[in-house]
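Report on the structure
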Amino acid sequence: MGNERLLNFAIKYGFLILLAGLILYFSLAAPGFASPRSAVFVLQSVAITGILALGVTCTLVVDGFDLSIGAVATSALMLSAYAMVVLELSAGMAIVLCLLMGAAVGLVNGLLIVKFRVPDLLATLGMMFLLIGLQRIPTQGNSIATGMSLPDGSTAEGTFSSTFLWLGRHRLDFFLENLVPLPVVVFLLIAVGIWLFLGFTRQGRLMYAIGSNERAAGLVGTPVSRYKIMAYMISGVMASVGGVLLAARLGRGDIASGTNLLLDSVAAALIGFAVLGAARPNAFGTATGALFVGILLQGLTMMNAPYYTQDFVKGAVLVIALVFTFYLSSRRGVGGH
Amino acid sequence: MFRRHLLKLAGAAALATGTALPIAAQDMPAPFDAPEDVKIALVRYLSTGDFFQSYLSGVEQQSEALGVDLRVFDSRQDAALQADMVDQAIALGVDGIIIQHGLTESMKPAAQRAVDAGIKVVAFDVNVENEAIPQVEQSDYMLAKLALDQAIEDHGTEFTAGYVYVPGIAPLDRRDTAWQEVKEANPGITEVAQFGTLDNPIANSVANQARSVLQANPTINVMFAPYDEFAKGVKIAVDEAGLTQDIDIYSADVSTADIAAMRESDSAWVATVATNPSVVGEVSVRTLAMMLAGEETESNVIVPPTLITQDFLNENDVQNMDQLGEKLPQFQHADVAMTDWMPLPAR
């Protein structure tokens, strides 16, 4: 029986213990790692992928998948820049436009999947390519910055408003002066919000029910289609929030495919399966997963590890996490979902 | 020189009167006496991003100035497709081909087939190992060297540096050669950290790395980031760490957005060195035109880079690439692959 208890303990707390061990190791090995500032920029580096990951978690909960989040984020990045620099709209309008765009993309994704019966991976894959192309059309493939020449020969006069940049760059005083950047606060608020929503509301629990057995959930009267569409809309909106924060940090509309954003956030969500032995998508796990990858990468960078080790390490963490989830949990007899 | 100015004037006049006719076609040697019958193709490997966009516009403008028919083939980083596109261009009966980037392995045989078909070929930034094909290149080595010379001028031969580099990318490797040489020649320069990533959005990923590097190495006073996306990321990190007064960033490449970033108040990004990609595009077409007219070209056509400092941008109130070209004539036009009959794009 001792073995069994050890196994249960390993499944439940193994990942958190690994996380604590890592923090301890880097604190000793990398000078400057153990400081409040360094903790904050670990958080900052994962804030954007974390927000995207929380969105994708919602689609994983209903047994779906959203491959378009990276592209939605970079589309929001371009859209906000376009709105402010070329159309000279206010920061508020730009943000509203981006959120609407995210929701609209989510709605289309949802409709494609629910109404047109396109498999989720394919529908969102198509959407991904569509958006990568679409975001380049208005500027003919150029990045957006103040002073850029427009196709009609004039110069873009608009600027990123200071309110907008404030979103990505402002730091709140928290024990130390100018410590916590706003994106981190947004990330934490969204994490708590999604955690409460998925775990403690009727809607959240119904979404889990749909994810574990769609037909059964439907038979007991759950409006399955509506919930699935909602999951994709949440995912789209989260991705556009991430894109807005990215634009506010960069201060320009950068052409980017967002593939790395997609991969990093999906990795975070999958690592999240292993946290506390949940073996299913959950907001707390996703946030922890994002943090785990962030701590590893920051620590390695501080120790001057070359860039290719970082991909290797990310992959290794993901594989270990998946082993935790699927192999150990199945031995415990509650695996899968 | 004088003649070229005349031609420029004539070009401006032609544009002003609304005739988009090539400049004084009868002055140009065959086959450009009937330029509308000359067909050239641009076969691209890389196309996404400001640099490639600007390169394309240079190619288009110079082709328009010559009055030739330009076809653009875009393989979007598909090496096999790019080789097929060269064959398509051959089948189309073009007179000349510009190969823009690509892999030596896939482009070498394709380029040879084009040469065998009697087509003139120019390669930009890809070595197709063919004596009949001149290589147009921007000198990446000189880009890095000029930036480092400026760093030494500002900081002397003793400073602590952070270096942003991703090995295995040809232009970055060539820039790295300059850095290694400068370090060797100046033992007072210490590199305490090397980092870098091409995860996109690159600036954001590099900013995350640079934050930790700055935290771990508070002694850094120079950041050498020989690619503008790297420099942008480092600048974000320096701003976030509140170290704008303590660190100077030296980089390579330039764009309108980069100019804005360099000119922000208290910007740590003090200098960059760049070749105007649009000029490189023009030079590629001119080199091809000279070959078509049966003139001799160099086997390596090198477009020289220009140093651009923050002070220069501020003194001249430069806002974008167009104004940079006006204020810095050597950035607007490179006196490379020029003949006395060559028409230049109207500026």
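Residues numbered from 1 in each chain as written. Chains lettered and ligands numbered in written order. Predicted model: local features only at pLDDT ≥ 70, side-chain atom pairs only at ≥ 80, totals over all residues.

**Re the sheet that holds strand S6 (residues 159–164) of chain B**
Residues and elements named next belong to chain B. Reading across from one edge, S7-S6-S8-S9-S10-S12 is the order of the 6 strands in this open sheet, with mixed pairing throughout. At either end of the open sheet lies a strand with only one pairing partner, and these are strand S7 (189–195) and strand S12 (306–309). Here the strands of the sheet are splayed against their neighbours by 20° on average, with no regard to which way each runs. Where strand S9 (residues 248–252) lies against strand S10 (residues 269–274), 4 bridges are found, and the strand directions are parallel. Of the residues in S10, the one forming a bridge with Ile 249 is Trp 269. (Pairing = 2+ DSSP bridges. Helix = DSSP H or I, 4+ residues; strand = E, 2+ residues; numbered from the N terminus. Axes fitted to C-alpha atoms, helices over the stretch in contact; angles between N-to-C directions.)

**A closer look at the confidence of the model for chain A**
Confidence in the prediction for chain A averages 87 pLDDT; 97% of positions are at 70 or higher. Model confidence for chain A, summarised as mean pLDDT per element, is weakest for strand S2 (residues 176–181) of chain A at 77 and strongest for helix H4 (residues 91–114) of chain A at 96. (pLDDT = per-residue confidence, 0-100.)

**Focus: the interface of chain A and chain B**
Taken together, the contacts link 31 residues of chain A with 29 residues of chain B. Put simply, the parts of the chain that give the side of chain A that touches chain B at least two residues each are helix H2 (36–61), helix H10 (224–250), helix H11 (259–272) and helix H12 (283–302) of chain A. For the side of chain A that touches chain B, the element with the highest residue contribution is H2 of chain A, accounting for 4 residues. (Contact = placed C-beta atoms within 7 Å.)

**Description of helix H7 (residues 182–200) of chain A**
Side chains of residues three or four places apart in an α-helix project in the same direction, reflecting 3.6 residues per turn. Residues and elements named next belong to chain A. Look at H7: 26 Å from first C-alpha to last across 19 residues, which is about the 27 Å you get at 1.5 Å a residue. All of the buried residues along H7 are Pro 183, Val 184, Val 186, Phe 187, Ile 190, Ala 191, Ile 194 and Leu 198. Summarising the axial view, the buried residues of H7 lie within an arc of 155°, below the 170-degree limit, and thus occupy one face. Along H7, the residues that are exposed and aim more than 90 degrees away from the buried face are Leu 189, Gly 193, Leu 196 and Phe 200. (Expected span 1.5 Å × (residues − 1). Buried ≥ 20, exposed ≤ 12 C-beta atoms within 10 Å, placed from the backbone. Arc of directions from axis to C-beta.)

**Examining the environment of Gly 242 of chain B**
The topology assignment puts Gly 242 of chain B in the loop between helix H8 (228–241) and S9. When the C-alpha atoms of Gly 242 of chain B and Pro 187 of chain B are compared, they prove to be 29 Å apart, with 55 residues separating the residues in sequence.

**Thoughts on the sheet that holds strand S3 (residues 96–100) of chain B**
Residues and elements named next belong to chain B. In space, the 6 strands of this open sheet follow the order S2-S1-S3-S4-S5-S11, with parallel pairing throughout. In the strand order of this sheet, the two ends are held by strand S2 (69–74) and strand S11 (300–303), each with one partner. Taking the axes of each pair of neighbouring strands and ignoring which way they run, one obtains an average angle of 20° across the sheet. Bridge analysis of S3 against strand S4 (residues 120–124) gives 5 bridges, and the strand direction is parallel. Residue pairing for S4: Ile 98 is matched across the bridge by Val 122. Relative to S2, helix H2 (residues 50–66) is tilted by about 160°, and along the sheet it contacts strand S1 (39–44), S2 and S3.

**Structural notes on the nonpolar core**
Note that soluble globular proteins tend to have their nonpolar side chains buried in a common cluster. Counting residues in hydrophobic clusters, the biggest one holds 169 residues, and the most contacted among them are Ile 51 and Leu 52 of chain A together with Ala 147, Phe 224, Val 234 and Ile 249 of chain B. No other element matches the 16 residues that H10 of chain A contributes to this core. Filtering out sequence-adjacent residues up to four positions away, Ile 249 of chain B remains in contact with Met 223, Ala 225, Ala 231, Val 234, Lys 235, Val 238, Ala 268, Trp 269 and Val 270 of chain B. (Core = buried A, V, L, I, M, F, W, Y, C linked by C-beta atoms within 7 Å.)

**Digging into unusual backbone geometry**
Residues and elements named next belong to chain B. Here the amide bond leading from Ala 30 into Pro 31 is cis, since omega sits at 5°, within 30 degrees of zero. Mapped onto the elements, Pro 31 comes out in the loop between helix H1 (2–16) and S1. Even without glycine at this site, Asp 125 takes up a positive phi of about 60°. As for its position among the elements, Asp 125 is in the loop between S4 and strand S5 (135–138). Residue class for Asp 125 comes out buried when judged on the 20 C-beta atoms lying within 10 Å of it. The backbone of Asp 253 sits at a positive phi, close to 75°, despite the residue not being glycine. Along the chain, Asp 253 falls in the loop between S9 and helix H9 (256–263).

**Brief notes about the packing of helix H3 (residues 69–86) of chain A against helix H5 (residues 120–134) of chain A**
Residues and elements named next belong to chain A. Look at H3 against H5: their axes get within 8 Å of each other, and the N-to-C directions meet at 20°. As far as their axial angle goes, H5 and H3 are roughly parallel. The interaxial crossing formed by H3 with H5 has left-handed handedness. Facing Ala 71, Val 72 and Ser 75 of H3, the residues of H5 in contact are Met 128, Leu 131, Ile 132 and Leu 134. When its residues are assigned to classes, the contact of H3 with H5 shows 6 nonpolar, 1 polar and no charged. (Parallel < 35°, antiparallel > 145°, perpendicular 65-115°, else oblique. Left-handed = near helix turned anticlockwise from the far one by under 90°. Nonpolar A, V, L, I, M, F, W, Y, C, P; charged D, E, K, R; others polar.)

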